[in-house]
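Descriptive analysis of the structure
Here is how the chains run, residue by residue.
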Amino acid sequence: MKLRTSYSLWNLLNAARGGHADWAPAWVEAEPKSAYDVLIVGGGGHGLATAYYLAKNHGIKNVGVLEAGWIGGGNTGRNTTIVRSNYLYPESARLYDFSLKLYESLSQELNYNIMLSQRGVMTLAHSRHDLDAQSRWANAMRCNGIDADLLDVHEVKSLEPRLNFSASARFPILGGFIQRRAGPARHDAVAWGYARAASALGVDIVQNCPVSGFIKQGERVVGVQTPRGPIRADQVALAVAGHSSVLASMAGIELPVTSYALQAMVSEPVKPVLNTVTLSPSLGTYWSQSDKGEVVIGGGIDHFPSYAQRGSFDVMQQVLAATAEMFPSLGRLRLLRQWAGIVDVVVDSSPIIGPTSAPGLSINCGWGTGGFKAIPVGGWTLAHWLATGRHHALAEPFQLDRFHSGRLIDEAAAAGIAH
C-alpha cells in the first residue's frame, strides 16, 4: 500500500512539474493565414474529414479549418456514437454503407484506434405491424447489398437476455432484425484521428476562431470575417451541423433546415450487461454500453426548435421510463450525466452535400440525428466537390435543388428515432 501511495504521489508531482511536456501534440495549433485554397468552417468530424480527404485524395493542402470552440466540441462530442447503414432507399443505402466501410478501415487509415465495436444494431418489433414493416426494411437492405438478419423472439433473447420478455410486459417483444456490421465507435478518437492526420498533411487547424460574417465580391463568397481578422479563400465550405442555417443566413442564404436539441445520457459504469446496440422505435429509445461500462441511453429530439446544448426534462423522463420498462434490471442504476447536441433537420431527413446558391460557398448539413455515422462519407464527398467542381456519385441525389424539383429522399422511418 505504501508503494502504491508513493507511486501515485510521484505521478501527481511529475504532472505538476510538466512531466509530459515532451509529448508531441497530436496536431499543430495553427494561427490562421490570410488566404487559403479552401477554408472549412467547422472543426467537428465532418469538417476535419473534409480537410483530410482534400489533402490525401486530391493533393489540396493549403486548407484551413476554423472551429469556434475546440475540436470535436460540438455534435461530434455530443452523440451516442452509433455507426450503421440500415437505410431503406438505394441512394441512402449507398451513402451510409460507403461510410460504414470507411469506418471499418479507419483505424488503419489514420493510424489511430477509433475503437469501432461491430457488435450489431438490433431493432425490436413489438407488434405484428412492426414485424411486417421490419421484414420489408430488412429485405430492402438486402436488395441494396447490405447485411440484415430477421430475428425471432428466441434469437432476440439469446442476444439480449436482460430485455423484458415477461408475458405481462407493456411492450411485448415479438422479434426484430439486426445489422451485425453496425456498432459504436469512439467519438473523440474519430475527431482526433482526422485532426492529427489532416495536420500531418499540412492542413491548418485553428481553434477558438468563430466566423462573424462573409466576404463577398459581387455574389461570390471569397472569405470570412473572424475576430482574428479577415481570411480569404478560393472556396469556403460550411460543416457546422445545427448552426448551418445561422451561418448560411450571414451569406444571404435560407436553408430548409430546422435545429433541435437531441439529448442522451449515461448511467454509472457497471460490468458488461449489454451485448448489442438495441433500438425500440415504438418507444423512441435505444441502448448500448460503452467501453467504460456506462449504459448509454438515447432518445428522440425535443420537438421545438432550439440551439441549446441541453434537453428537456419531458424527453428525459420518457427515455428513462422506457429504459426501466425494457430493461428492468437496469432500473436501479444511477444516472451519471446528460447532454444534448444541436441537430440540423430537413424535411426529408436526408443530408445536403454540395454547392449553395452563393458561388464559392458549399455546405455539408442536414444529417439530423445521423451525423456521426456519416462523418467519413460526408468528408469524402464534400472534398470531391471542392476539389473537382463535380458532384460525387454518392452525393449527387443530395443536392439543394431537390427541394425545388420535389425529388426528396424521405428516410425518416429508417432513421430509427423520429426526426
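Scroll up for the structure.
A brief structural summary. What you see is a predicted model; the values in this text were computed from it and never measured. (Residues numbered from 1 in each chain as written. Predicted model: local features only at pLDDT ≥ 70, side-chain atom pairs only at ≥ 80, totals over all residues. Heavy atoms only, no water.)

A few words now on the overall build of the protein. Counting its secondary structure elements, the protein contains 11 helices and 18 strands. Scored against the burial criterion, the 419 residues of the protein give a buried share of 55%. Once local pairs closer than 6 in sequence are excluded, the contacts in the protein between residues at least 24 apart make up 75%. Per element, the accessible surface of the protein, about 18300 Å² overall, is 54% carbon and sulfur. (Helix = DSSP H or I, 4+ residues; strand = E, 2+ residues; numbered from the N terminus. Buried < 20%, exposed > 50% of the residue type's maximum accessible area, 1.4 Å probe, protein only. Contact = heavy atoms within 4.5 Å. Areas by Shrake-Rupley, 256 points an atom, 1.4 Å probe, with all protein chains shown as cover.)

Let's shift gears to the packing of helix H3 (residues 90-104) against helix H10 (residues 375-388). A packed helix pair is summarised by two numbers, namely the angle formed by the two axes and the spacing between the axes. One can describe the packing of H3 onto H10 by two numbers: an axis separation of 7 Å at closest approach and a directional angle of 105°. It follows that H3 is roughly perpendicular to H10 by the angle criterion. Where H3 approaches H10, its residues Leu95, Phe98, Ser99, Leu102 and Tyr103 are matched on the opposing element by Ile375, Pro376, Val377 and Trp380. When its residues are assigned to classes, the contact of H3 with H10 shows eight nonpolar, one polar and no charged. (Axes fitted to C-alpha atoms, helices over the stretch in contact; angles between N-to-C directions. Parallel < 35°, antiparallel > 145°, perpendicular 65-115°, else oblique. Nonpolar A, V, L, I, M, F, W, Y, C, P; charged D, E, K, R; others polar.)

With that settled, consider the sheet that holds strand E5 (residues 149-152). One open sheet accounts for eight strands, arranged E5-E6-E4-E13-E14-E15-E12-E16; its pairing is mixed. One side of each edge strand has no neighbouring strand; the edge strands of this open sheet are E5 and strand E16 (335-345). Each adjacent strand pair in this sheet contributes to an overall mean axis angle of 25°, direction not counted. As judged from the five bridges shared by strand E12 (residues 258-267) and strand E15 (residues 295-305), these two strands associate in the antiparallel manner. Across the sheet, valine 266 pairs through a bridge with valine 296, a residue of E15. Of the strands in this sheet, strand E4 (121-125), E12, strand E14 (285-289), E15 and E16 touch helix H9 (residues 313-326), which is tilted by about 145° from E15. (Pairing = 2+ DSSP bridges.)

Quick look at a nonpolar patch on the surface now. Where nonpolar side chains cluster on the molecular surface, the patch consists of Val246, Met250 and Tyr307 and spans about 250 Å² of accessible area. Within the secondary structure, tyrosine 307 sits in the loop between E15 and H9. (Patch = residues over 30% accessible without salt bridge, like charges linked within 9 Å, V, L, I, M, F, W, Y side chains within 5 Å. Salt bridge = Lys/Arg side-chain N within 4 Å of Asp/Glu carboxyl O.)

For the rest of this paragraph, the subject is the side chain of serine 288. Position of serine 288 among the secondary structure elements: in strand E14. We classify serine 288 as buried; its relative accessible area is 4%. Leaving out residues up to four positions away in the same chain, serine 288 has contacts with Ile82, Leu274, Thr276, Val277, Glu294, Val295 and Val296.

Let us look at the environment of glycine 371. In this structure, glycine 371 sits in the loop between strand E18 (361-365) and H10. Taking the C-alpha atoms as reference points, glycine 371 and threonine 81, separated by 290 residues in sequence, lie 9.5 Å from one another.

With that settled, consider the pattern of salt bridges. On inspection of all chains with the given rule, the structure shows 16 salt bridges. The partner of arginine 181 in a salt bridge is glutamate 104, with the nearest N and O atoms 3.1 Å apart. Taken together, the positions of arginine 181 in the loop between strand E6 (175-179) and strand E7 (183-184) and glutamate 104 in helix H3 put the pair 77 residues apart, joining distant regions of the chain. Residue classification places glutamate 104 among the partly exposed positions, given a relative accessible area of 32%. Linked by salt bridges that have partners in common, Asp97, Lys101, Glu104, Asp147 and Arg181 make up one network.

Time to look at the pairing of strand E13 (residues 277-280). Two faces make up the sheet, and in a regular strand the side chains alternate between them. Judged by which residues are buried, E13 turns out to be covered on both faces: Val277 and Leu279 on one side and Thr278 and Ser280 on the other are all buried. Where E4 lies against E13, three bridges are found, and the strand directions are parallel. Residue pairing across strands places valine 121 opposite valine 277, the latter belonging to E13. The antiparallel pairing of E13 with E14 creates a hairpin that spans four residues between the two strands, and glycine 284 there sits at a positive phi of about 65°.

Here the focus is helix H5 (residues 128-143). End to end, H5 covers 23 Å across 16 residues, agreeing with the expected 22 Å (1.5 Å per residue, within 8%). Asp130, Gln134, Trp137, Ala138 and Met141 are the residues of H5 that are buried. Relative to the axis of H5, the buried residues are bounded by an arc of 95° and lie together on one face. Counted as exposed and oriented over 90 degrees from the buried face of H5: Arg128, His129 and Cys143. Tucked into the core, H5 has its buried residues touching E4, E5 and E6. (Expected span 1.5 Å × (residues − 1). Arc of directions from axis to C-beta.)

With that out of the way, let us pick up H10. The first and last C-alpha atoms of H10 sit 20 Å apart over 14 residues, in line with the 20 Å expected at 1.5 Å per residue. Extensive coverage of H10 is indicated by the burial of 11 of its 14 residues. All of the buried residues along H10 are Ile375, Pro376, Val377, Gly378, Gly379, Thr381, Leu382, Ala383, His384, Trp385 and Leu386. Two residues or fewer past H10, glycine 389 is found with a positive phi of approximately 75°.

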